[in-house]
Number of protein chains: 2
Amino acid sequence: MNIPNSKNPRVVIIGGGFAGIAISKKLRNKNVQVVLIDKHNYHTFQPLLYQVATGGLEAGSIAYPIRKVIQEYKDFYFRLTTVKEIDTENQKIISEIGDLHYDYLVIATGSKTNYFGNKEIERNSMSMKTIPQSLNIRSLILENFEQAVLIKDETERNALINFVLVGGGPTGVELAGALAEMKRAILQKDYPDLDIDKMQINLIQSSDRILNTMSEKSSIAAEKFLLDLGVKIWKNVRVTNYDGRIISTSTDLTFDSATVIWTAGVQGAKINGLDSKSLVEKADRILVNQYNQVKGYENIFAIGDICSMEIEKYPKGHPMMAQPAIQQGKLLGENLIKLIHKKTMKAFEYNDKGSMATIGRNLAVVDLPHYHFSGIFAWFVWMFVHLFSLIGFKNKAVVFLNWVYNYIWFDREGRLIIRPFKKKSFITFTSDEV
Amino acid sequence: MNIPNSKNPRVVIIGGGFAGIAISKKLRNKNVQVVLIDKHNYHTFQPLLYQVATGGLEAGSIAYPIRKVIQEYKDFYFRLTTVKEIDTENQKIISEIGDLHYDYLVIATGSKTNYFGNKEIERNSMSMKTIPQSLNIRSLILENFEQAVLIKDETERNALINFVLVGGGPTGVELAGALAEMKRAILQKDYPDLDIDKMQINLIQSSDRILNTMSEKSSIAAEKFLLDLGVKIWKNVRVTNYDGRIISTSTDLTFDSATVIWTAGVQGAKINGLDSKSLVEKADRILVNQYNQVKGYENIFAIGDICSMEIEKYPKGHPMMAQPAIQQGKLLGENLIKLIHKKTMKAFEYNDKGSMATIGRNLAVVDLPHYHFSGIFAWFVWMFVHLFSLIGFKNKAVVFLNWVYNYIWFDREGRLIIRPFKKKSFITFTSDEV
C-alpha cells in the first residue's frame, strides 16, 4: 500500500462514513500514523440519498471528498480500496491493493442491505445505501416512465409505473413521500400522455406500524401524511419473493411491479478474519465492549452500524444510524490516545438526541427524548438539522439553494438519466406502427 | 412510438442539442405536431463539459431535462431513443422503439469525435462530447492519482500522471488550463505523498498555432497563459497512434501516458438512409441549401453541426459551435411555418457574434468581429456569457455559486469518482509489502 514507516503507532481505519470521519478528525495531528481506507473516494451523507434518488439533489451535493477532509492532517493517509480480510495473527489487513500492518485497527464498515438470504429478491430489487445505487433508482424511475408512454398494453404499462417500497422505516417512508411529490409536481406535467393516476406507490411494512422505531404518535402522524399524499400502506405484510414482475407476500396480497426498492433491513457490512465468537449471528454485527473494543481482541475496535454494544438499555446494540456512529467515533478517537499513553479509557454512553423523518413539503415527524411533534415546524427542524450536518460550506449552500428552489417551484430538476452502471431494460421493443 | 394522430402536420426533430431546442421553442403551439427525439432525456450545455470533467461543476448543473423545456407545449412529444435509419421513400424514421412517419424531418444530431479512422486511438483514448464521457474523464484522472500513490516504479507512476490532450482547439485549451489549475489547487494538496511536479499536461496541436480558428492575437495570448500555467504545448505535431501507453507522433516525439484525451476533430453524427450525394465526404456533414433544406429533399432539413451550408464566406460550412446551431434552429422554426402556409422562406445568414475561450482564473481570450481582447476582463465576459446561456434559473444560480466558491477558495469539490460506466483499470495489484 506504499505507506511510509513512521515513529508513530499506526492506526488503520476501515470506512469513511460517519464513524470513520468522526474518529479521523479526533486523531488529527496526535502523533499517530493514520491510514483511512474506503471503497469510495468520498464520504456519503446517507440521510439524503433518497433525495438524490428522486431528483431533488445532485449526488455531488451530498458527497464530500475524503482527501479534502484529511488534507492538512500530518502522517495521515487515505487509500481507495476494499479490504478483503483481516489477519489478526500477523496484525495486518489484506486488501485489493496489498497488505498493511496495523498497531490498532478500527472497523467502521457500516451496514449493507439485508435481504434475509433471499437471492431472487436481491437480484431483482433495488437498494439505496450508496450514491451509485441512488442514481440507479433515479434513472430506473425515469426510464420506466419513458417506456410506459410507449406501451399500449395496460397491464404492462401499469406495472412500469407501480413502485413498491418494502420496509416502513425512515428510508422507506421518506422515499415514499418523495415519490408521491414527484408524481404530482413532476411526472404529471412531464408525461401528459400518461394517466398519472395509474402510478402507484405501495409501502409494505411487516409490523403493525410504520416508523416502528419511533414513537407511536409519530407513526400515526407519518401514516396520515403518507395517505394524504396518495401512498398506499400495507401493514403486517411480509414480502416473500419478487421475480422481477410479481411480488408475493405472506398474505394472499400480490403486486405486479417493475420496480421494487428494498429498505426492509440492514446488516453489518462484515469483514472476514475475525473470530466467529465476536460476531452476532444474522445481523452480522461485531460484538464490542463499552470501549468499542472487539470481543476477544486488544487492539481491534469497531464503531458505528457494524458494531453491537449489547448493554441493558440496548440489548441488541445501538440503533444503526448516524448519531451513535458519530459519538462512538469521537470517543474512540480520544480513547485510543489514552490507550497509547496507558491511561484508562472512558466507557461509551449514548446521548440520544432523538430521531426524525420527513414525509414531504411541510410534513415531518420529530421525536425528542421527552417530546414528540409533527407538521411544518418539525419539517423546518428536520431541514436545518440536516443542512447543518452536511460537511462543507458549499454543499450546505447548494443543498439550501436547491431546497428553496424546489420548494418555491414544486420542482426537481435533477430528473436526468445518468447511470453509474449500465442499464438493464425491462422490455425490448420491436417495430411499432407508424 | 405511440404518438397519437393529429390534424396538424407532423414535424420530427432528431436531437435535443442547441439546434433542436432552438427550433422546438419556435414551433411551440404553432398548429404543428412535433416529436422531439434524443438519446438522452436532457439537454447538455456542451461548452462547460470540461468543468464537469475537472470537478469544477456537477453534471446536473449543465444538463436540463428536455421534458421540462416542452412541458407546456401543445401536441408536442418527446421520445427517448436512437434513430437507426431514415426511410425517405416512405417518409418515416426507424428507431429502437419503432418507426414513425414524418411530414417534415429536422436532423439536428450534432457532431461526434473524429478519430480519422484510427481504431486504436479510438479504443484507448477518452473523448469529451457527452456528460457520461466527461464523468469518465473526471473519474479516470482521480483514479490515476489514487493508483500513482501506490506505485514505486517511477516510469509507471509518471505515466499515470502524464495527461496528453490531442487538439489545440477551444476544448483542448480549456481542458488543459483547467487541469493545470487542478494540479496546483487540488492535486498538490490532496496527494502530498506524490511529487506533483511529475504531473505533466501536454497539449498537442497539428497546426502552427493553438485556437487556430480564432485570431492570431488570441492564439498568442492563450499560448502565453497556458505556458505560465505549466502546460507543455507541442505545435506542428500530429498524433499517429496510441496503444494505451505510448503515443507516437508524426515527428520523433513520443509520450508515455495512461491518459489521452482526444479533442483533435469532430465529424457529423450522421444518420443512415440519406442519398450519399447529400453528404460531405470525411466530415460526414449533410449538405443543405440556405434554407437548411437537405440537398435532394423537399421536406428534410438539417441544422447545427450536422449540416454544411457551403456558401462563399464559409466554403466548408459554418463553424461547428453553438451559435450557428441556435440561429439555424430559430430560423428554420419560422421557415417551416412559412413553408406549411405556402409562404416563401427566408435564407439563413449567420450573425457572427465572435468566439471566446477561457484558460483559467482571470484568463480568457475573446474575439469580437472587429475587436480582440484577453485577460481578466475577457474572463468576466466569458463567465457571464456562459452563465446567461445556461437554460434554467436554478442551473444559473448553482453554477454561479460554484464559480464564486471555487474562485474564492481555489477549490473544486466535485472530485468524486462516480462513473457512469464501469471502470477499466490501468494496472492490477498483487500483494504488496507490509
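Numbers given to residues run from 1 along each chain, matching the order in which its sequence is written. Working convention: letters from A go to chains and numbers from 1 go to ligands, in the order in which they are written. Predicted model: local features are reported for residues with pLDDT of at least 70 only, side-chain atom pairs are reported and counted for 80 or more only, and whole-chain, interface and lining totals are derived from all residues. Remark: hydrogens and water are excluded; side-chain values derive from all non-hydrogen atoms of the structure.

Caption draft 1: Looking closely at the sheet that holds strand β20 (residues 300-302) of chain A. Residues and elements named next belong to chain A. In this scheme, strands are said to pair when DSSP sees at least two bridges between them. Going along the chain from the N terminus, every DSSP run of H or I of four or more residues is numbered as a helix, and every run of E of two or more is numbered as a strand. As summarised here, the arrangement of the five strands in space is β5-β2-β1-β9-β20, forming an open sheet in which the pairing is parallel. Of all the strands in the sheet, just β5 (76-80) and β20 have a single pairing partner and so form its edges. The average undirected angle you get between the axes of adjacent strands in this sheet is 15 degrees. The strands that helix α9 (residues 322-340) touches are β1 (10-14), β9 (104-107) and β20; relative to β9, the one it contacts most, it runs at about 165 degrees. To get an axis, a line is fitted to the C-alpha atoms, and for a helix only the part in contact is used. The angle between two axes follows their N-to-C directions and goes from 0 to 180 degrees. A contact between two residues is defined here by any heavy atoms of the two lying within 4.5 Å.

Caption draft 2: The pattern of salt bridges, seen in detail. Take a side-chain nitrogen of Lys or Arg and a carboxyl oxygen of Asp or Glu: if they are within 4 Å of each other, that pair is a salt bridge. In the structure shown here, the tally under the stated rule is 40 salt bridges over all chains. The salt bridge partner of A:D256 is A:R245, with a shortest N-O separation of 2.7 Å. With A:D256 in strand β16 (residues 254-256) and A:R245 in the loop between β14 (239-242) and β15 (246-249), this residue pair connects regions lying eleven residues apart in the sequence. Residue A:D256 is classed as partly exposed on the basis of its relative accessible area of 22%. The partner of B:K92 in a salt bridge is B:D99, with the nearest N and O atoms 3.3 Å apart. Only protein chains enter the area calculation, which uses a 1.4 Å probe; residues under 20% of their type maximum are buried, those over 50% are exposed, and those in between are partly exposed. Classification of B:D99 by relative accessible area gives buried; the value is 8%.

Caption draft 3: Fine view of the nonpolar core. Grouped together as the largest cluster of nonpolar side chains are 131 residues, with contacts concentrated most on B:I93 and B:I107. Here this core takes ten residues from helix α7 (residues 170-190) of chain A, the largest share from any one element. Beyond its immediate sequence surroundings of up to four residues, B:I93 is in contact with B:M1, B:V12, B:I14, B:I37, B:V83, B:E85, B:I86, B:G98, B:D99, B:L100, B:Y102 and B:L105. For this analysis, a nonpolar core means a set of buried residues of the types Ala, Val, Leu, Ile, Met, Phe, Trp, Tyr and Cys, connected via side-chain atoms within 4.5 Å. A:I3, A:I93, A:V288 and B:L387 belong to the second largest nonpolar core, which has 130 residues in total.

Caption draft 4: Structural context of the interface of chain B and chain A. Between chain B and chain A, the contact holds 61 residues from the first and 61 residues from the second. For chain B, the biggest contributors to the area lost against chain A are B:R67, B:K394 and B:E413; these three give 12% of the whole. Linking chain B with chain A are eight salt bridges. A:K68 is the salt-bridge partner of B:E413, the closest N and O atoms lying 3.2 Å from each other. Side-chain atoms alone can form a polar contact between residues adjacent in sequence; in general such a contact is a pair of N or O atoms within 3.5 Å, and within protein one must be able to donate a hydrogen while the other accepts it. In this assembly, chain B and chain A are joined by 24 residue pairs in polar contact (both at pLDDT 80 or more). For the side of chain B that touches chain A, the secondary-structure elements that each account for two or more residues are β4 (63-65), α3 (66-69), β5 (76-80), β8 (98-101), α5 (131-148), α7 (170-190) and α11 (393-409) of chain B. Counting residues per element, the side of chain B that touches chain A draws most heavily on α11(B), which supplies eight residues. Accessible surface is computed with a 1.4 Å probe, and the buried area is the amount of it that two parts give up when combined, taken over both parts together.

Caption draft 5: Structural view of the sheet that holds strand β24 (residues 371-374) of chain A. All names here are of chain A. The strand order across the open sheet built from three strands is β22-β23-β24, with neighbouring strands paired in antiparallel fashion. Edge positions in the sheet fall to β22 (355-360) and β24, since each of these pairs with one other strand and no more. Strand after strand, the sheet turns through a mean of 5 degrees between neighbouring axes, direction not considered. As paired elements, β22 and strand β23 (residues 363-368) share five bridges and run antiparallel to each other. Across the sheet, the residue bridging to M356 is V366, located in β23. Sheet contacts for helix α8 (residues 216-228): β22, β23 and β24; angle to β23, the most-contacted strand, approximately 175 degrees. The strands touched by helix α10 (residues 376-389) within the sheet are β22, β23 and β24, with β22 carrying the most contacts at an inclination of about 110 degrees.

Caption draft 6: Fine view of unusual backbone geometry. Of note, the phi angle at A:F410 is positive, near 50 degrees, even though the residue is not glycine. Turning to its location among the elements, A:F410 is positioned in the segment after α11 (393-409). Notably, B:N292 is not glycine yet its phi reads approximately 60 degrees, a positive angle. Within the element layout of this structure, B:N292 appears in the loop between β19 (286-287) and β20 (300-302).

Caption draft 7: Inspection of the UniProt feature "domain: FAD/NAD(P)-binding" (unreviewed entry) in chain A at higher detail. UniProt positions are given in the numbering used here, feature names are shortened, and annotations may be inferred rather than shown by experiment. Per the UniProt record, "domain: FAD/NAD(P)-binding" (unreviewed entry) is annotated on residues 10-329 of chain A. Counted over residues 10-329 of chain A, helix gives 28% and strand 25%. Its end C-alpha atoms are 17 Å apart.

Caption draft 8: Structural detail: the relation of the copies chain B and chain A. Least squares is the method used to superpose the copies, on C-alpha atoms of residues holding a pLDDT of at least 70 in both. After a rotation of 180 degrees and a shift along the axis of 0.0 Å, chain B superposes on chain A with an RMSD of 0.0 Å. The operation mapping one copy onto its partner corresponds to a two-fold rotation axis. Ranked by how close their C-alpha atoms come to the rotation axis, the residues of chain B are headed by B:P420, at 1.7 Å. Both copies present the same face, since 100% of the interface residues in chain B are matched by interface residues at the equivalent positions in chain A.

Caption draft 9: Expanded view of the pairing of β22(A). Counting buried positions along β22(A) yields five of six residues, so the element is predominantly enclosed. Linkage of β22(A) to β23(A), two consecutive antiparallel strands, is achieved through a turn of two residues, within which A:N362 is found at a positive phi near 65 degrees.

Caption draft 10: Spatial organisation of the domain arrangement of chain A. Residue and element names in this part refer to chain A. Note that the domain bounds reflect an automated or database-derived domain assignment. Domain boundaries assigned for chain A yield domain 1 (10-113 + 266-340) and domain 2 (119-264 + 354-409). On the side of domain 2, 32 residues touch domain 1, which itself brings 30 residues to the contact. Regarding the contact of domain 1 and domain 2, the summed buried area is about 2,600 Å², with carbon and sulfur atoms giving 67% of it. The interface formed by domain 1 and domain 2 contains one salt bridge. Residue E58 is joined to R138 by a salt bridge in which the shortest nitrogen-to-oxygen separation is 3.5 Å. Taken together, the links from domain 1 to domain 2 amount to ten residue pairs in polar contact (both at pLDDT 80 or more). Elements with a minimum of two residues in the side of domain 1 that touches domain 2: β3 (42-44), α2 (49-53), β4 (63-65) and β10 (111-113).

Caption draft 11: How the structure looks around the environment of A:I340. Residue and element names in this part refer to chain A. Mapping I340 onto the fold places it in helix α9. Sequence separation between I340 and N406 is 66 residues; the distance between their C-alpha atoms is 50 Å. Residues contacting I340, with those up to four places away along its chain left out, are P9, V32 and Y104.

Caption draft 12: Inspection of the packing of aromatic side chains at higher detail. Only the six-membered ring of Trp is used, alongside the rings of Phe and Tyr, when aromatic pairs are assigned; centres must lie within 6.5 Å, and planes under 30 degrees apart are stacked while those over 60 apart are edge-to-face, with the rest tilted. As enumerated under the stated definition, the model contains 30 aromatic pairs over all chains in all. Measuring from centroid to centroid gives 5.6 Å for A:W382 and A:W403, while their planes differ by 35 degrees, and the two rings are tilted. Of this pair, A:W382 sits in helix α10 while A:W403 sits in helix α11, and the two are 21 residues apart along the sequence. Residue A:W382 shares its accessibility class with A:W403, and that shared class is buried. Between A:Y405 and B:F393 the ring centres are 6.3 Å apart and the planes differ by 20 degrees, which places this aromatic pair in the stacked class. In this pair, A:Y405 sits in helix α11 while B:F393 sits in helix α11, so the two residues belong to two different chains. Using a relative accessible area of 8% as the deciding quantity, one classes A:Y405 as buried. Judged by relative accessible area, which is 59%, B:F393 ranks as exposed. Clustering of aromatic rings is evident, with ring pairs tying together A:W379, A:F380, A:F384, A:F388 and A:Y407.

Caption draft 13: Spotlight on the packing of helix α10 (residues 376-389) of chain B against α11(B). Residue and element names in this part refer to chain B. At their nearest, the axes of α10 and α11 sit 9 Å apart, and the two run at 150 degrees to each other. Classified by the angle between their axes, α10 and α11 sit roughly antiparallel to one another. The residues of α11 that touch α10, namely those facing W379, W382, M383, H386, L387 and F388, are K396, V399, F400, W403 and Y407. In this classification, the charged set is Asp, Glu, Lys and Arg, the nonpolar set is Ala, Val, Leu, Ile, Met, Phe, Trp, Tyr, Cys and Pro, and all remaining amino acids, among them Gly, are polar. Looking at the contact of α10 with α11, its residues break down into nine nonpolar, one polar and one charged. Reported orientations rely on four angle classes, namely roughly parallel under 35 degrees, roughly antiparallel over 145, roughly perpendicular from 65 to 115, and oblique for the rest.

Caption draft 14: Structural context of the environment of B:N41. You can see B:N41 is positioned in the loop between β2 (33-38) and β3 (42-44). Classification of B:N41 as buried rests on a relative accessible area of 5%. Between the C-alpha atoms of B:N41 and B:L80, which are 39 residues apart in sequence, the distance is 6.2 Å. Excluding residues within four positions of it along the chain, B:N41 makes contact with A:L142, A:R415, A:L416, A:I417, B:Y64, B:P65, B:I66, B:F78 and B:L80. At a separation of 3.0 Å, a polar atom in the side chain of B:N41 contacts the main-chain amide nitrogen of A:I417.

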